[in-house]
Amino acid sequence: MSSNHAAFNLIFRFVENYVSPVAGRISAQRHVMAIRDGFISAMPFMIVGSFLLVFAYPPFSPTTTWGFARAWLDAAKHFEGQILTPFDMTMGIMSIYICAAIAYNLGKHYVKSHGLDPFMCAMLSLMAFLLVAAPKTEGALPVDSLGGTGIFTAILVAVYCVEMMRFLKAHNIGIKLPDQVPPMIKNSFDLLIPVLVVVLTLYPLSLFIQSQFDMLIPQAIMSLFKPLVSAADSLPAILLAVLIGHLLWFAGIHGAAIVSGMLQMFWLTNLGMNQSALAQGAPLPHIFMEAFWTFFIVVGGSGATMGLVICYLRSKSAHLRSIGRLSIVPTCFNINEPVIFGTPIVMNPVFFIPFLLAPMVNAVLAWGAMKMDLIGRVISVVPWTAPAPIGAAWALGWDFRAAILVVLLAVVSAIIYFPFFKVYEKQLLEQEAQEAQKASGEASQQAAA
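This is a predicted model, so every value here is computed, not measured.

The rules we used
Residues numbered from 1 in each chain as written. Predicted model: local features only at pLDDT ≥ 70, side-chain atom pairs only at ≥ 80, totals over all residues. Heavy atoms only, no water. Helix = DSSP H or I, 4+ residues; strand = E, 2+ residues; numbered from the N terminus. Buried < 20%, exposed > 50% of the residue type's maximum accessible area, 1.4 Å probe, protein only. Contact = heavy atoms within 4.5 Å. Areas by Shrake-Rupley, 256 points an atom, 1.4 Å probe, with all protein chains shown as cover. Lys, Arg positive; Asp, Glu negative; His and termini not counted. Charge placed at Lys NZ, Arg CZ, Asp CG, Glu CD. Axes fitted to C-alpha atoms, helices over the stretch in contact; angles between N-to-C directions. Parallel < 35°, antiparallel > 145°, perpendicular 65-115°, else oblique. Left-handed = near helix turned anticlockwise from the far one by under 90°. Nonpolar A, V, L, I, M, F, W, Y, C, P; charged D, E, K, R; others polar. Phe/Tyr/Trp six-rings, centres within 6.5 Å; stacked < 30°, edge-to-face > 60°. Lys NZ or Arg CZ within 6 Å of the ring centre and 35° of its normal. Salt bridge = Lys/Arg side-chain N within 4 Å of Asp/Glu carboxyl O. Patch = residues over 30% accessible without salt bridge, like charges linked within 9 Å, V, L, I, M, F, W, Y side chains within 5 Å. Core = buried A, V, L, I, M, F, W, Y, C linked by side-chain atoms within 4.5 Å.

## Looking at the overall build of the protein chain
Per the secondary structure count, the protein chain includes 20 helices and 0 strands. Across its three principal axes, the protein chain shows a C-alpha extent of roughly 90 × 70 × 40 Å. For the protein chain, the residues scored as buried account for 46% of the 449 residues in total. Taking contacts inside the protein chain between residues at least 6 apart in sequence as the whole, the part at least 24 apart equals 73%. Accessible area of the protein chain: about 21800 Å², with a carbon and sulfur share of 69%. In the protein chain, 24 side chains carry a positive charge and 22 a negative one; their mean positions are 5 Å apart.

Spelled out as structure tokens, the structure:
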């Protein structure tokens, strides 16, 4: 037991001294925060757009003879253009929203220090992104690079434009107007030089890449990032992300927020590719997306604690039983702070192994099920608070095999947690017995007095 305790202390000291400080600095870095907040700001458009995609491509075989399914398939085919128009204006051009949102949130960090206007930052970044991602062709703006393909370009353009505006402000490069000029007019003139700089820097670069490689900048950037995107979709990468996120959680840092913030760009790129493949009738290429993390890996919340809450409901310990009753409803909506801090799990050596092991086992099982085509793959953005079985089915285009898998994963998590739960329950029962005996003794003394 002492050797296990020593090993836990060694791991905890490593996380506390090396992993947590680095993760804390990364999560507080202004560019990382702006990218994370930008993705969050654009999320409503993606959720609504993804929801409509399911209506355009019903979850039925094209050869089905079931009346309801046949009617839905025929209606979806007939009205495909009308159904997909809202999708095209949301998910189809999501990089536009992401670029403007990131620039706006990054600009807010420079309001006090450099006097930047976040709205003007967003406007400039939007113009710059359209300049390099959608140059006018045959009288129309192409949209091929405005969806998932353009996400990395949107991030780079947003950061470049805001940092360039900050540099110009810091060195007093711009058009000077009297203080009597209204602020909106002054802000508009302040944007003249940044617009000129963007046109003189990014546009020649775009023309050069088009002439030399016959690509737009987003396509060139995607070709550079392609190996990284593929690697991020592999099982080792998924397990590494799960391990880092839960090590941070165990040390008291919201690891899921840090890891998901860094992976969001890969998740949305993968989602865009899956949606494009769905529209073309091709096999869906990617597995690792936000819905895969939320509804399959961390069933019930970080640590896949839904299984643990189920164990708590029948616990002999009054404390654990009360935590289970308080946590059962929130955990159905993937909110597990009551069980994490009420148990507590954070920095509790008894739950260190299952807290890491349960989500990693879930990741392997779910990844294997998708890889072997036992269930479908993610095609939709779903609110993370959706109940896990429903959210999983929704994310996969109402593939109810996914809901069955989620229930099985919750059972697997409960099995993993069970022996550790019994150890902790035994400790609490001994403490509760001692407290009850002590309270009984004090009551006897008061009665005798």
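## Side note on the packing of helix α2 (residues 30–56) against helix α5 (residues 94–108)
At their nearest, the axes of α2 and α5 sit 7 Å apart, and the two run at 140° to each other. Judged by the angle between their axes, α2 and α5 are oblique. The element α2 and its partner α5 pack so that their crossing is right-handed. Of the residues in α5, those touching α2 at Arg30, His31, Ala34, Ile35, Asp37, Gly38, Phe39, Ser41, Ala42, Phe45 and Met46 are Met94, Tyr97, Ile98, Ala101, Ile102, Asn105 and Leu106. Broken down by class, the residue content of the contact of α2 with α5 amounts to 12 nonpolar, 4 polar and 2 charged.

## Observations concerning the packing of α2 against helix α13 (residues 255–280)
One way to put it is that α2 packs onto α13 with a least axis distance of 11 Å and a crossing angle of 20°. Viewed along their axes, α2 and α13 adopt a mutual orientation that is roughly parallel. For the pair α2 and α13, the crossing hand works out as left-handed. Seen from α2, the contacting residues are Ile35, Arg36, Phe39, Met43, Met46, Ser50 and Leu53; seen from α13, they are Gly261, Gln264, Met265, Leu268, Gln275 and Leu278. Counted by class, the contact of α2 with α13 contains 8 nonpolar, 4 polar and 1 charged residues.

## Details of unusual backbone geometry
Each neighbour pair has its own omega, and for Thr343 with Pro344 the value is -10°, a cis peptide bond. Its place among the elements puts Pro344 in the loop between α17 (337–342) and α18 (352–371). For Asn172, which is not glycine, the phi torsion reads 55° and is therefore positive. Inspection of the secondary structure puts Asn172 in the loop between α8 (151–170) and α9 (183–190). Its identity as a non-glycine residue notwithstanding, Asp373 has a phi of 60°, on the positive side. Of note, Asp373 is situated in the loop between α18 and α19 (388–395). A residue is classified by how much of its surface remains accessible, and Asp373, at 56% relative accessible area, is exposed.

## Thoughts on the packing of aromatic side chains
Under the criterion given, the structure shown has 20 aromatic pairs. Considering the side-chain rings of Phe51 and Trp394, the 5.6 Å spacing of their centres and the 75° angle between planes classify their relative orientation as edge-to-face. Here Trp394 lies in helix α19 and Phe51 lies in helix α2, a separation of 343 residues in the sequence. Here Arg166 stacks its cationic end above the ring of Tyr110, 5.6 Å away from the centre of that ring.

## Focus: the pattern of salt bridges
Inspection of every chain in the model, using the stated rule, returns 5 salt bridges. In this structure, the salt-bridge partner of Asp399 is Arg401, at a minimum N-O distance of 2.8 Å. On the basis of relative accessible area, Arg401 is assigned to the partly exposed category, the value being 43%. In this structure, Lys422 engages Glu425 in a salt bridge whose closest nitrogen and oxygen atoms are separated by 2.8 Å.

## Some points on a nonpolar patch on the surface
A contiguous nonpolar surface patch, about 310 Å² in accessible area, is contributed by Ile175, Ile185, Phe189 and Leu192. Tracing the chain through its elements places Ile175 in the loop between α8 and α9.

## Comments concerning the side chain of Ser145
Tracing the chain through its elements places Ser145 in the loop between α7 (118–133) and α8. Sequence-distant contacts of Ser145, defined by excluding residues within four places in its chain, comprise Phe129, Ala133, Gly150, Leu216, Pro218 and Gln219.

## A word on the nonpolar core
Counting 96 residues, the largest nonpolar core has Met46, Ile98, Phe292, Trp293, Phe296 and Ile297 as the members making the most contacts within it. By residue number, the principal contributor to this core is α8, which donates 11 residues. When residues no more than four places from it in sequence are discounted, the contact partners of Ile98 are Phe39, Ala42, Met46, Ile151 and Leu268. Core analysis: the second largest hydrophobic core is formed by 27 residues, Phe250, Tyr417, Tyr424 and Leu428 among them.

## Concerning the side chain of Gln264
Turning to its location among the elements, Gln264 is positioned in helix α13. In this structure Gln264 touches Phe39, Met43 and Glu290, once residues within four positions along its chain are discounted.

Just geometry here; none of it tells us what the structure is for.
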